[in-house]
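Each chain, letter by letter, is given below.
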Amino acid sequence: AACAVYMPGNQLWTSVTVAVPSTISDTNVYLGEANTQDITNSPTDGVYFLKPSGGTAVNLVVKKAGTTTTFTNIADLAKPSGIYGDTSSTAGTLSFNTSGTTLTSIAVASSGAGYVQAPYVQITGTAGSGASAYVQLRSGGLYAPYITAAGSGYTAGTFAGTILPWITLSKYYDGKGTLYIGVNGKTVMSIGPQGQTSITAGGTATNASFKSYYVTNQLTTGQAPIQPKAGAFDNLMPLVPMYPGGGFTNTTANARTAYVDSFQLGFEYN
């Protein structure tokens, strides 16, 4: 349903938790709200996250009546912390038994750093199927993995594990003119009257060092009899009902998979 509305005076919260393999760099991944049921089908209005093909960095896209404003490098889906440019966040690795046709041993090879929640672990190997595992965290690194299913029929020495960090991308509109963008619980960007860097509708900004923006456009009195504050996100955001959701489009013929743990939406009406 078209149930998401950015409305002056009313707060709105959205949050989506995803695990996206770096191997799908050839896809465009969309997560958020748009005025089309299929968010990939050229919406004219929307506020959504976009991982463009060619990498793992995430942009914030704000569309209003066909005008697109883009904020790049909001997050990095390959970083355990999810924070773009976070040099302290590194991926961890696991090691497995090299004999036998089932998964009987698993250990942390390198703990990595920056994980916020236990990652999604994919166990693969030649010929067999059914093996699965779970790994806990300690101080943001991998710790004490468990075998949850041994599987069967694997060729000895072929076990491998892909560790996908769960990344939570969130938006909070405070109803008073400011939109806050969060990654794994940390605010990485804001748009509102107190911003320090200007953005004009239809422009592109490269986000870095937790920037704050103010909007140079202003709604007309015909659109908004009670004028929003100068610089407010209200002057940029779409004002139409939108559908929450996600999707992806391939740029190649390769079959690709991504994982969604949750999608949450809440808002006020008054």
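Rules used throughout
In this numbering scheme, every chain counts its residues from 1 along its sequence in written order. For a predicted model such as this one, the threshold for reporting local features is a pLDDT of at least 70, and the threshold for listing and counting side-chain atom pairs is 80 or more; totals across whole chains, interfaces and linings nevertheless cover every residue. Each side-chain value is worked out from all heavy atoms of the structure, with water and hydrogens disregarded. Labels follow the DSSP assignment, with helices taken as runs of H or I lasting at least four residues and strands as runs of E lasting at least two, numbered in each case from the N terminus. Working definition: with a 1.4 Å probe on protein chains only, accessible area under 20% of the residue-type maximum means buried, over 50% means exposed, and in between means partly exposed. Note on contacts: a residue pair is in contact if any heavy atoms of the two residues lie within 4.5 Å. Values of accessible area rely on a 1.4 Å probe in the Shrake-Rupley scheme; residue burial ignores everything except the protein chains shown. For the purpose of counting charges, residues Lys and Arg are taken to be positive, whereas Asp and Glu are taken to be negative. His and the chain ends are not included. Here the site of a charge means NZ on Lys, CZ on Arg, CG on Asp, or CD on Glu. Pairs of strands are assigned from DSSP output, requiring at least two bridges between the strands. Fitting a line to C-alpha atoms yields each axis, with helices limited to the stretch in contact; the angle taken between N-to-C directions then spans 0 to 180 degrees. Throughout, nonpolar core names a set of buried Ala, Val, Leu, Ile, Met, Phe, Trp, Tyr and Cys residues whose side chains join them through atoms within 4.5 Å. A carboxyl oxygen of Asp or Glu within 4 Å of a side-chain nitrogen of Lys or Arg is what we treat as a salt bridge. Definition of a polar contact: a pair of N or O atoms within 3.5 Å, with one able to donate and the other able to accept a hydrogen when the atoms are protein atoms, and with sequence-neighbouring residues admitted only if both atoms are side-chain atoms. Under the pairing criterion, centres of Phe, Tyr and Trp rings, with the six-membered ring standing for Trp, must be within 6.5 Å; the plane angle then separates stacked pairs below 30 degrees from edge-to-face pairs above 60, leaving the rest tilted.

(A) Just the overall build of the protein chain, in detail. Helix and strand content of the protein chain: zero helices and 19 strands. When burial is assessed residue by residue, the protein chain has 46% of its 270 residues classed as buried. Sequence-distant contacts, at least 24 apart, represent 59% of the contacts inside the protein chain between residues at least 6 apart. By element, 50% of the accessible surface of the protein chain is carried by carbon and sulfur atoms, the whole surface being about 12000 Å². Charged side chains of the protein chain number 11 positive and 10 negative; the gap between the two group centres comes to 7 Å.

(B) Quick look at the sheet that holds strand 4 (residues 57-64). The sheet built from six strands is open, its strands ordered 16-5-4-3-2-18 with mixed pairing. Two strands in the sheet have a free side with no partner beyond their single neighbour: strand 16 (204-206) and strand 18 (243-250). Between one strand axis and the next, the sheet turns by 20 degrees as a mean value, whatever way the strands run. Bridge analysis of strand 3 (residues 46-51) against strand 4 gives five bridges, and the strand direction is antiparallel. Within strand 4, the residue paired with Leu50 across the bridge is Asn59.

(C) Structural context of unusual backbone geometry. Here Ser139, not a glycine, exhibits a phi torsion of approximately 55 degrees, which is positive. With respect to the helices, strands and loops of the structure, Ser139 is situated in the loop between strand 9 (129-138) and strand 10 (141-152). Although it is not a glycine, Asn184 adopts a positive phi angle of roughly 50 degrees. Exposure remark for Asn184: the relative accessible area of 11% places this residue in the buried category.

(D) Fine view of the pairing of strand 2 (residues 27-34). The buried fraction of strand 2 is high, at eight of eight residues. For strand 2 and strand 18, the ladder comprises eight bridges, and the chain directions are antiparallel. Looking at strand 18, one finds that Val29 is bridged to Phe248.

(E) Expanded view of the nonpolar core. By size, the foremost hydrophobic cluster in this structure holds 35 residues, and its most contacted members are Tyr6, Leu60, Phe71, Leu169, Met189, Ile191 and Phe233. Aside from chain neighbours lying at most four places away, what touches Ile191 is Leu60, Phe71, Gly177, Thr178, Leu179, Tyr213, Val215 and Phe233. If you look at the next biggest cluster of nonpolar residues, it comprises 14 residues, including Val121, Ile123, Ala131 and Val135.

(F) Inspection of the pattern of salt bridges at higher detail. This structure, assessed with the given rule, holds two salt bridges. A salt bridge links Arg256 to Asp26; the nearest nitrogen and oxygen atoms lie 3.1 Å apart. Residue Arg256 is located in the loop between strand 18 and strand 19 (259-267), and its partner Asp26 is located in the loop between strand 1 (12-19) and strand 2; the two are separated by 230 residues in the primary sequence. With a shortest N-O distance of 3.0 Å, Glu33 and Lys171 are connected by a salt bridge. A residue pair is termed long-range when its members are at least 10 positions apart, and Glu33 in strand 2 and Lys171 in strand 12 (residues 167-173) qualify at 138 residues. Judged by its relative accessible area of 0%, Glu33 falls in the buried class. You can call Lys171 buried: its relative accessible area is 3%.

(G) Spotlight on the side chain of Ser81. Mapped onto the secondary structure, Ser81 falls in the loop between strand 5 (67-76) and strand 6 (93-96). Among the polar contacts made by the side chain of Ser81, one reaches the side chain of Asp86 at a distance of 2.8 Å. In this structure, Ser81 is in contact with Asp86, Ser89, Gly114, Ile167, Val183 and Asn184, ignoring residues within four places of it in sequence.

(H) Highlighting the packing of aromatic side chains. Tallied over the full model, the rule gives eleven aromatic pairs. A centroid spacing of 5.8 Å and a plane angle of 20 degrees characterise the contact between Trp13 and Tyr172, whose relative ring orientation is stacked. With Trp13 in strand 1 and Tyr172 in strand 12, this residue pair connects regions lying 159 residues apart in the sequence. Arranged with centres 5.9 Å apart and planes meeting at 50 degrees, the rings of Tyr120 and Trp166 form a pair that is tilted. Taken together, the residues span a long stretch of sequence, with Tyr120 in strand 8 (residues 120-124) and Trp166 in the loop between strand 11 (160-164) and strand 12 at a distance of 46 residues. With relative accessibility at 14%, the residue Trp166 sits in the buried group.

(I) Region of the structure containing the environment of Thr204. With respect to the helices and strands, the residue Thr204 is situated in strand 16. When its relative accessible area of 61% is taken as the criterion, Thr204 is described as exposed. For the pair Thr204 and Phe71, spaced 133 residues apart in the sequence, the C-alpha separation amounts to 5.8 Å. With near-sequence residues (within four places) excluded, Thr204 lies in contact with Thr70, Thr72 and Ile199.

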